[in-house]
Every structure is written in C-alpha cells, then in structure tokens.
Amino acid sequence: MDYKATIGGKPVQAQAHFSVINPATGAEAGRAPDLGLADLDAAVAAANEAFMSWSAQSDEALQAACAAVTAKIEEHQAELAEIITLEQGKPMNGLGSRWEMGGAHAWAGYTTALSLPVKVLQDNEQGRVELHRKPLGVVGSITPWNFPVMIAIWHIMPALRTGNTVVIKPSPFTPLSTLRLVEIINEVLPAGVVNVVTGSDKGVNLGAAMSDHPGIRKIVFTGSCATGQKIMRSAANTMKRLTLEMGGNDAGIVLPDADPKAIAEGLFWGAFINNGQTCAALKRLYVHESIHDAVCDELVAYAKNIPVGNGMEETSILGPIQNRAQFDKVSRLVADAKRNGKVLLGGEPGEGLFFPPTIVAGLKNGDPLVDEEQFGPALPIIRYSDVEEAIRFANDSPNGLGGSVWSSDIEAAKTVASRITTGSVWINKHGAIQPNAPFGGVKSSGLGVEFGEEGLVEYTDIQVIFS
Ligand code: NAD
C-alpha cells in the first residue's frame, strides 16, 4: 500500500516511493513517498502561510484545537498501533504498540491542558512589566524509529499548543504511522498547520535540509548524538531554536541492601523495554558484590520466560530488532563481550532480525558493551565493591540522559541519585518518564527538555512589554 504525505492539508502526488520493511518477516509493510527539496520547500511555505492565522487565535481556541487532535488520536489508536507493529516490529501486546498509543494519547491530553499565562514582573508607580510567550513560527520535527508515534506527539502537541505550525519528518525506517497520524489530525486542523515529508535518506537528506532551512524557526530532534551534533552545527546559520533529545548510556546502581527478587522485574523492563531500543533504557547495571550473583540469577529467571516473536501475535512480548544496522551493532557488541564476559542468557543472534534477551556478566568500563550505546536487547552487568567506585563508573560516560539507584532505603538511594550526572534519576525503577516531569539529557545527551511547562516554553520566545 502507498501511504500519502500531507502538505497544506492535501495529499501529495509523489513521483517515487520507497519500501518500508516489516522487521519481523522481511516483507513490505507499505511504501512511503520519496520526496525531495521542492516538496520540503512547499511544506515549509504551507506551514508559514498557516502560521499567520493559527498563531493569531486566542489561547482558548488553540486549546480547543489541541483537544480535537487528542480526540482524533484516541479514535484511531487501534489502527495506528497496528501500523507501528508492522513497520517497527514491537508487539501489539505488552509494552508494545498499544501501550505506545496509550502514551501518545495521554501526552496529547496533558499537553493540551497546559498553558503559559502572561507573567506580571512588575506593577507599581514606576510602570507595569509583562512577560509574554510568543510562538516561534514553523517548527521542524525530526523523529527516530523506536517510538514513531509517541515521539511525533511529543514534538507536535507542544508546538501546536503554543501557536506554532509544524513540518515533521519521520525516520525512513518507520514513516508509515506518522504519515497516517498527520492525515488523521489534518481532519480537524486548518490546512498547513501540520505537514509531513518523508524520504529514504538516500540522495537527498531531508533532515539536513530542514536544519538549514531559512523558513524553519526551530528544530526539535530525537535521535542519535552524531545526527544531533550535525543539526546543531547547521542550525547556527539561521539561529534556530533547538531541542535535542539524543542518545543515552544509562547506568543503574544496585546498592547492597536491595532485594534481588523484588527488583528483578523492574530491572528487566528498565533494560529491555522495546527490546532495549529506548533512549532512556537501562544500558549498564552495576551490582554490589554481596548480592551480584543473586541479582544475576533473579534477572535471568525473569528474562528467560519472556516470549519473543512476531509482534502481530498476541503471545509475543518482545519483537525483533528494528533494522539490519542496529542488529549488526548488537551482534558485534555481544560477540565482543564474550571475550571478557560470561553470557548468562541469550548471546546468539536468532533468525532474521530476532535477537534473544541477552545478559552478560563479568564486564567492566572500557568493554565496548559497557561503553557504547547498544540500543538493543543486551545488558552488561558489572560487579562493584564500593559505592564510590560505582558512582564514578556510572558517571564515566559522555552521555547523561538517565540513571537509576536500587535499594530498600529510599533516602540512601536519593543521596546516591543526586551524585549521578544525568537529567533524570529513578529509584527502584528506570526510564519511567511522564508528561508532567521535564525530561532531557545533560552532557552529550542533548539540549533542553521536553514535557511539562518547562518543555512547553521551548516552543516560544519571550516578549517583554513595558507600559
Ligand atoms: P538517527 O540520528 O540516525 O536518525 C534520527 C532522525 O534523523 C531520522 O529521522 C533521520 O532520517 C534523521 N537524519 C539523518 N541524518 C540527518 C541529518 N544529517 N540532519 C538531520 N536529520 C537527519 O537516530 P535513530 O537511529 O533513528 O534513533 C536511535 C537513536 O535515537 C539512539 O541513539 C537513541 O538513544 C536516540 N533516541 C533518543 C531519545 C531521547 O529522547 N533522548 C529518544 C529516542 C531515541
């Protein structure tokens, strides 16, 4: 089936399409338009044209329009979940595509309810000073392949809520659900408010062209560190505002007083949610030597019962790795980990793009599976003897997205948490993001935050009115 891009409220008649492959079967999940620079220009022009009347509306009218978008997402949750599974590979079931759509709907609703009222900074005989938040113009959204609809919603909703218009460009690996999402939300929005362009990234790179485009005022990007850095460089030419959510290599520290059995399930899902293809997944686990073996045993006991298979089958709880390059990366890191480590579970690539949940003990900082972002179903476990040493190891990374501390003593865990140099730290869980809490990386993991009021203000400029 050929999916259609939407520009200026109308379907685009594309000259060429590219195949999107279902990673569970290798079959074609659908075809996406292979658009070029002229299409991007048309999308940016449509969004700029729509911006004039969209941004001039009252705050109540913007909020009502966002509520209508939220209702559309709810209405089409089941349909979009199926497209996500077909192109991304994650199961319909468990923490898969239905769960992703539940999150997309929740985030859309929460963001709709937020507002940024005028702040009065001064009001006295000397005068009145008001701080207003103004929309920027056209927001360019560039998304990755791991949570295609949820991340699209994270970008689109705050942009709309604050009076901006949008051009979104999904990953070439998972463009279909975004094409359909934009088609659906265009049913309740004026033409040109949300536009979508897709391309194969072979030849023309639409993301690179967006970050250099003079008609775009801000880029919101979720993806790898290397791409985020390229965007930052080229955005300087036009002084774009940037929100960059990039890679992570999150550490978890298990303190000696943790209960191995009680934490096993949380550790597993912290690491293996979406098959480990999650920015803020647990990617290295430091366990105190006194309970190291017990934690390994409990984690393996939990993990070995998780069914892996085609995501369209209700029995599957984890699916395949999304694409060949990612599969090869995970295979390389696991093969290398066997040199110094001991494989406790999994370890051998399966058929096609399937890779079983893999747990490797005996590794340390400096081993590639510990130092690199594996972004897949392979967790290294590192034994430590002293908490100071564990904190040092956890912080020994250019990334700073998330981290976690596992303990029966919440206050002791919080003290350790405060010393981890990441944007979020969880106690006795990992990666549990929520729409009311700002989320973002420090160090090389990004710039700015998403979610909550702090995330919303990133879609605005300040204007101060003195009277
Ligand atoms: P990627 O950087 O390869 O691609 C992301 C997007 O950027 C795609 O749409 C791609 O087409 C586009 N792109 C490619 N080249 C570009 C260029 N030169 N300029 C502008 N855009 C360009 O990332 P990916 O492989 O799709 O996603 C995996 C990465 O994303 C992982 O590192 C993961 O940690 C990260 N991620 C981060 C978060 C977060 O919130 N911090 C969330 C999800 C994923």
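Structure's up top.
As the structure is a computational prediction, the values presented were derived from the model and not from experiment.

Asker: Account for the packing of helix 9 (residues 260-272) against helix 10 (residues 292-303), naming residues and giving values.
Answerer: At a minimum axis distance of 8 Å, the contact between helix 9 and helix 10 shows a crossing angle of 55 degrees. One finds that helix 9 runs oblique with respect to helix 10. The handedness of the crossing between helix 9 and helix 10 comes out as right-handed. Residues Pro 260, Lys 261, Ala 264, Glu 265, Leu 267, Phe 268 and Trp 269 of helix 9 touch helix 10, and the partners they reach there are Ala 294, Val 295, Glu 298, Leu 299, Tyr 302 and Ala 303.

Asker: Requested: an account of the layout of surface pockets, with residues and values cited.
Answerer: What the largest pocket holds in volume is close to 840 Å³. Lining the largest pocket we find 33 residues, and of these Trp 145, Phe 221, Gly 223, Ser 224 and Thr 227 sit closest to its centre. Looking at the lining of the largest pocket, the elements with two or more residues in it are helix 7 (206-211), strand 10 (218-222), helix 8 (225-235) and helix 11 (324-340). Per-element tally for the lining of the largest pocket: the top contributor is helix 8, with five residues. A per-class count over the lining of the largest pocket returns 14 nonpolar, 13 polar and six charged. Formed jointly, the lining of the largest pocket draws a minimum of three residues from each of two domains, domain 1 (6-246 + 442-466) and domain 2 (250-427).

Asker: Summarise the environment of Thr 421; cite the residues concerned and give the values.
Answerer: With respect to the secondary-structure elements, Thr 421 resides in the loop between helix 14 (410-417) and strand 19 (424-427). When its relative accessible area of 37% is taken as the criterion, Thr 421 is described as partly exposed. Remark: the alpha-carbon pair of Thr 421 and Val 44, spanning 377 residues in sequence, is separated by 38 Å. Apart from the residues within four sequence positions on either side, Thr 421 is in contact with Asn 395, Asn 399, Gly 400, Val 442 and Lys 443. At 3.4 Å, the side chain of Thr 421 and the side chain of Lys 443 are in polar contact.

How each quantity is defined
- Residues numbered from 1 in each chain as written.
- Predicted model: local features only at pLDDT ≥ 70, side-chain atom pairs only at ≥ 80, totals over all residues.
- Heavy atoms only, no water.
- Axes fitted to C-alpha atoms, helices over the stretch in contact; angles between N-to-C directions.
- Helix = DSSP H or I, 4+ residues; strand = E, 2+ residues; numbered from the N terminus.
- Parallel < 35°, antiparallel > 145°, perpendicular 65-115°, else oblique.
- Left-handed = near helix turned anticlockwise from the far one by under 90°.
- Contact = heavy atoms within 4.5 Å.
- 1 Å grid on protein atoms, 1.4 Å probe; cavity = no way out; pocket = protein on both sides within 12 Å on 5 of 7 lines; lining within 4 Å.
- Points joined across faces, edges and corners; volume = space filled by probe spheres on them.
- Nonpolar A, V, L, I, M, F, W, Y, C, P; charged D, E, K, R; others polar.
- Domains from an automatic or database assignment.
- Buried < 20%, exposed > 50% of the residue type's maximum accessible area, 1.4 Å probe, protein only.
- Polar contact = N/O pair within 3.5 Å; in protein donor to acceptor, adjacent residues only side chain to side chain.

No statement about biological role is implied by the geometric values presented.
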